[in-house]
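# Architecture at a glance
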Amino acid sequence: MLTRIKDIAANLAPRLVEIRRHLHSHPELSGQEFQTAAYVAGVLSSCGLRVKEGIGKVGVVGELEGQGNDPRLLAIRTDMDALPIVERTGLEFASRQEGVMHACGHDVHTTVGLGTAMVLAQLGHPLAGTIRFLFQPAEEIAQGAAWMVQDGAMENVTGIFSLHVFPSISAGVVGIRYGALTAAADDLEITIIGESGHGARPHEAIDAIWIASQIITTLQQAISRTQNPLRPVVLTIGQISGGRAPNVIADQVRLLGTVRSLHPETSEALPDWIEQIVANVCRSYGARYELKYRRGTPSVQNDGIMTQLLESAAGEAWGNRGVQIIHEPSLGAEDFSVYLQYAPGSMFRLGVGFKDRHNYPLHHPQFEVDESAIITGVVTLAYAAYKYWQQTPSGMKDRE
Ligand code: NI
């Protein structure tokens, strides 16, 4: 079966590079992936998949029915949106949309999703159950997954795979991570309300700027003294505003930040922990506060069995040198975690780095990928999908 998958994928390689370059030169921002979605739907239909458009606003769902009657339904999720970045790669197929660029490789993800669908369709339905391809919009603003789920994308799904490109892993290598892959990312907004006064008479005022500085310092110190150091928390205040004049004590300061954590129990406790510190500092100096803590995306927690399936599929396909176990999670965020609230799954890192030249990071205006990675992604996913119904104990036998 693996040989057949590899052969079909190899034949499709030129077509997949063409698809990827088309997507790359026509990037669209989060929530506006209209042309991309129409293109994806067209390719899926032409391969004989059952296609639904307008799922999750601009998303597309394609289903390939299995031959057997295994009720388990596997989903494969990819994302389609680009970033507001001016591309500076100088490539022939660079963005034709000024100020918009596929700098996070979602063009590659979409292509790998399409390629996997094409390969499995050409295999002639040897799958025991149904496979559903999710092409979601708006990953970069961490909303598309929730939109897709709201429209039923996860109904009956029993397992899910996804991928993200990674420039610091060489093309031809698949990065496998057990457990936490990315962090929970939440938004924090604190308003400190003091009392205005003359800059020369601080004792008659409540200085919101000074109290804000105390809060920032206390939060950073408290992380090191009251949070378990083996369960990382990163709290970044990235924006601060307040005050009107150099000689007027500010009555209000607004702090905006992002909060990252890896362990679900830590994430759970963070809003109360932050509020307690803010309340105590404010109380000490007579200020009031307003605090808004908005939950963003949860942490991606890769499931053991699903990750094992990816690892063994990649290992059989590419040998030991084609598989890299990732030992550390990232504190970046990824809304694939939203799907994982509904079914166990795993996201792998697809190496797209060039072996012989400098690799720019994700979200960089000169970010490029080694396109040979597309086939690595397609074969890995198609074979892992095939194995999904073979491996688990439902009596399905390998029919090869
Ligand atoms: Ni991305």
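The structure displayed is predicted, hence computed values, not measured ones.

The next subject is the coordination of the nickel ion. A four-donor tetrahedral metal ideally has 109.5 degree angles, and a six-donor octahedral metal ideally has angles of 90 or 180 degrees. Protein ligation of the nickel ion involves Cys104 (SG), His106 (NE2) and His164 (NE2), the donor distances falling in the range 2.1 to 2.3 Å. Taken in sequence order, the residues that donate to the nickel ion follow the motif C-x1-H-x57-H. Of this pair, histidine 106 sits in helix 3 (residues 106-122) while histidine 164 sits in strand 5 (residues 157-170), and the two are 58 residues apart along the sequence. Judged by relative accessible area, histidine 106 falls into the buried class, the value being 0%. Overall, histidine 164 belongs to the buried group, its relative accessible area being 11%.

This next bit is on the packing of aromatic side chains. Taken as a whole, this structure holds four aromatic pairs when the rule is applied. On the numbers, 6.2 Å between centres and 45 degrees between planes, the contact of phenylalanine 336 with tyrosine 339 is tilted. With phenylalanine 336 and tyrosine 339 both in helix 8 (residues 336-339) and three residues apart, this pair spans about one turn of that helix. A single burial state applies to phenylalanine 336 and to tyrosine 339, both of which are buried.

One non-glycine residue, alanine 138, adopts positive backbone phi at about 55 degrees. Positionally, alanine 138 belongs in the loop between strand 4 (131-136) and helix 4 (144-150). The phi torsion at histidine 363 lies on the positive side, around 70 degrees, for a residue other than glycine. Using a relative accessible area of 38% as the deciding quantity, one classes histidine 363 as partly exposed.

If you look at the biggest cluster of nonpolar residues, it comprises 71 residues, and the most contacted ones within it are Ile5, Leu120, Ile131, Phe161 and Leu350. Take this core: its biggest share by element is 13 residues, from helix 9 (residues 373-391). Formed by 26 residues, the second largest nonpolar core is a distinct cluster that contains Ile215, Ile277, Val278 and Ala287.

Before going further, it helps to spend a moment on the domain arrangement of the protein. What the domain assignment lists for the protein is domain 1 (2-181 + 300-397) and domain 2 (184-297). The interface of domain 1 with domain 2 comprises 11 residues on the first partner and six residues on the second. When domain 1 packs against domain 2, the two sides together hide about 670 Å² of surface, and 71% of this comes from carbon and sulfur. It is Gln301, Leu331 and Ala333 in domain 1 that bury the most area against domain 2; as a group they hold 63% of the surface buried on that side. Applying the counting rule to domain 1 against domain 2 returns zero salt bridges. Across the contact surface, domain 1 and domain 2 share two residue pairs in polar contact (both at pLDDT 80 or more). Grouping the constituent residues of the side of domain 1 that touches domain 2 by class yields five nonpolar, four polar and two charged.

Across the sheet, which stays open at both edges, the four strands sit in the order 10-12-8-13 with antiparallel pairing between neighbours. Edge positions in the open sheet fall to strand 10 (233-242) and strand 13 (288-297), since each of these has one partner strand only. Ignoring strand direction, the axes of neighbouring strands in this sheet form an average angle of 15 degrees. With nine bridges connecting them, strand 10 and strand 12 (residues 252-261) associate as antiparallel partners. Its bridge partner lying in strand 12, glutamine 239 is registered against leucine 256. Sitting on the sheet, helix 6 (residues 264-285) is in contact with strand 8 (184-193), strand 10, strand 12 and strand 13, with an inclination near 165 degrees to strand 13.

Of all 14 residues that make up strand 5, 10 are buried, and the element is covered over most of its length. Sheet topology note: the strand 5/strand 16 (residues 345-353) ladder contains eight bridges and is parallel. Looking across to strand 16, one finds that isoleucine 160 is bridged to glycine 345.

Parameters at a glance
- Residues numbered from 1 in each chain as written.
- Predicted model: local features only at pLDDT ≥ 70, side-chain atom pairs only at ≥ 80, totals over all residues.
- Heavy atoms only, no water.
- Donors = N, O, S within 2.8 Å, 3.2 Å for Na, K, Ca; no water.
- Helix = DSSP H or I, 4+ residues; strand = E, 2+ residues; numbered from the N terminus.
- Buried < 20%, exposed > 50% of the residue type's maximum accessible area, 1.4 Å probe, protein only.
- Phe/Tyr/Trp six-rings, centres within 6.5 Å; stacked < 30°, edge-to-face > 60°.
- Core = buried A, V, L, I, M, F, W, Y, C linked by side-chain atoms within 4.5 Å.
- Domains from an automatic or database assignment.
- Contact = heavy atoms within 4.5 Å.
- Buried area = accessible area lost by both parts, 1.4 Å probe.
- Salt bridge = Lys/Arg side-chain N within 4 Å of Asp/Glu carboxyl O.
- Polar contact = N/O pair within 3.5 Å; in protein donor to acceptor, adjacent residues only side chain to side chain.
- Nonpolar A, V, L, I, M, F, W, Y, C, P; charged D, E, K, R; others polar.
- Pairing = 2+ DSSP bridges.
- Axes fitted to C-alpha atoms, helices over the stretch in contact; angles between N-to-C directions.

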